[in-house]
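# Remarks on the overall topology
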Amino acid sequence: MREFVKPRVVVSKCLEFDHCRYNGGMISSLIVAKLKEYVDFLPVCAEVEIGLGIPRSPVRIIIEKGEHRLIQPTSGKDVTEDMKVFCTDFLDLLVNVDGFILKFRSPSCGLKDVKVYSSVNKSGAIGKTSGYFGEAVLKRYPFLPIEDEGRLINARIKEHFLTKLFVFAAFRKVKSEGNIRDLIRFHTVNKYLLMAYSQAELRKMGAIVANKEKKSFYEMISDYERHFYNALTKPPRYTSSINVLMHAFGHFSENLSNGEKTLFFEWIQKYRERKTSLCPAINTIRSWIVRFEDQYLLHQTFFEPYPEGLLEVDLIAPNLIKDLWK
Ligand code: SF4
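Procedures and definitions
Every chain is numbered on its own, with residues counted from 1 as its sequence reads. In keeping with the model being predicted, local features are shown solely for residues with a pLDDT of at least 70 and side-chain atom pairs are shown and tallied solely at 80 or more, while totals for entire chains, interfaces and linings include all residues. In this description a helix means any DSSP run of H or I spanning at least four residues, a strand means any run of E spanning at least two, and both kinds are numbered starting from the N terminus. Three exposure classes are used, based on other C-beta atoms lying within 10 Å of a residue's own C-beta, which is placed from the backbone: buried for 20 or more, exposed for 12 or fewer, and partly exposed in between. Axes, fitted as lines to C-alpha atoms, cover a helix only where it is in contact. Angles between the N-to-C directions of the axes lie from 0 to 180 degrees. Orientation labels follow simple angle bins: below 35 degrees gives roughly parallel, above 145 gives roughly antiparallel, 65 to 115 gives roughly perpendicular, and whatever is left gives oblique. Two residues qualify as a contact pair if the distance between their C-beta atoms, derived from the backbone, is within 7 Å. Residue polarity is assigned by list, with Asp, Glu, Lys and Arg as charged and Ala, Val, Leu, Ile, Met, Phe, Trp, Tyr, Cys and Pro as nonpolar; anything else, Gly included, falls into the polar class. Domain boundaries shown here were taken from an automatic or database domain assignment. What makes a residue near a molecule or strand is its C-beta atom, placed from the backbone, lying within 6 Å of it.

## Points about the overall build of the chain
- Regarding its fold elements, the chain presents 13 helices and nine strands.
- Principal-axis analysis of the C-alpha atoms places the extent of the chain at approximately 75 × 45 × 35 Å.
- Within the chain, the fraction of its 326 residues that count as buried is 37%.

Here it is, written out as structure tokens:
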């Protein structure tokens, strides 16, 4: 069993933490509830922080003189500037953060698909945008794992988010400890994971840790960080993950029976056809790692990118809501 660095995650407070919605409600989120065991959450409610109180009349984003404003229609209050100040102050004080989980479609927390209205009174939305806090987070931390709870019900989105979250937390620790040996070890144990994400970036990171120019840790880590962030921007392609599995399969193929090989290729085929997740094929390889005592693969994070307890939170098969994966 791997040991994981606990990620620090900012979360919309109304997701499983407090009855702070405009109507005094709280939202259930299976992923947030499950993650409480594995991450350090920093819950925050932007609307409460700017003094709107609980319960409160809802706010909405409108367009006024060509600009977005955050308005509370019942009171006529314009809280745009208060919200902007809160976002800047909160993010300025935030340190050691590894990711964000924000409330879907909220005019404050939403990352996208937040309704924009033409005025305080008109009911039909005329467009979509990001919420104020959600937008500020995306601008400040373009590389971090940032998702809304709505998208995290998709198994593939969740897998990418959690993988990124735990590897970013591990990288933060390496960065804070300032030791070249730790960086080399980090690179070594994440080699297959990085290979699945981007072979091109993996090669560049390999050259950085080889350190032929004898750079200091601080020069190395800043170069490495750039490529590391680039590598994890997008989820791995199906074919790249299969490529990594085939690499691992090569470690054992000579010692396997025909039946074992056939079963493994069946899992790969089902994954290729989006009929299953990567888990069955990974678990097959993991059983061989133990059986053949392959020490190199044993430490590869690709085979256990996040704690096993989080695997249970697969709510929707990847092929059922492809539209979310855009
Ligand atoms: S969505 Fe954000 S601002 Fe709205 S209640 Fe939840 S935490 Fe508060």
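Having seen it, we continue.
## Comments concerning the packing of helix α10 (residues 238-252) against helix α11 (residues 258-272)
- It is the contact of α10 with α11, at a shortest axis distance of 10 Å, that shows an interaxial angle of 170°. Looking at the two axes, α10 sits roughly antiparallel to α11. Contacts between α10 and α11 involve Tyr238, Ile242, Leu245 and Phe249 on the former and, on the latter, Phe264, Ile268, Tyr271 and Arg272.
- Across the contact of α10 with α11, the residue classes break down as seven nonpolar, no polar and one charged.

## A few points about the domain arrangement of the chain
- When the domains of the chain are assigned, the result is domain 1 (8-153) and domain 2 (154-326).
- Centre-to-centre separation of domain 1 and domain 2, based on C-alpha positions: 32 Å.
- Taken together, the 16 residues of domain 1 in the interface contact 17 residues of domain 2.
- Per-element tally for the side of domain 1 that touches domain 2: the top contributor is helix α1 (residues 30-35), with three residues.
- Among the residues making up the side of domain 1 that touches domain 2, the classes are represented as nine nonpolar, two polar and five charged.

## Focus on the site of the ligand
- The full set of residues close to the ligand is Ser12, Lys13, Cys14, Cys20, Arg21, Cys45, Ala46, Glu47, Lys103, Ser106, Ser108 and Cys109.
- Grouping the amino acids of the shell around the ligand by side-chain chemistry returns five nonpolar, three polar and four charged.

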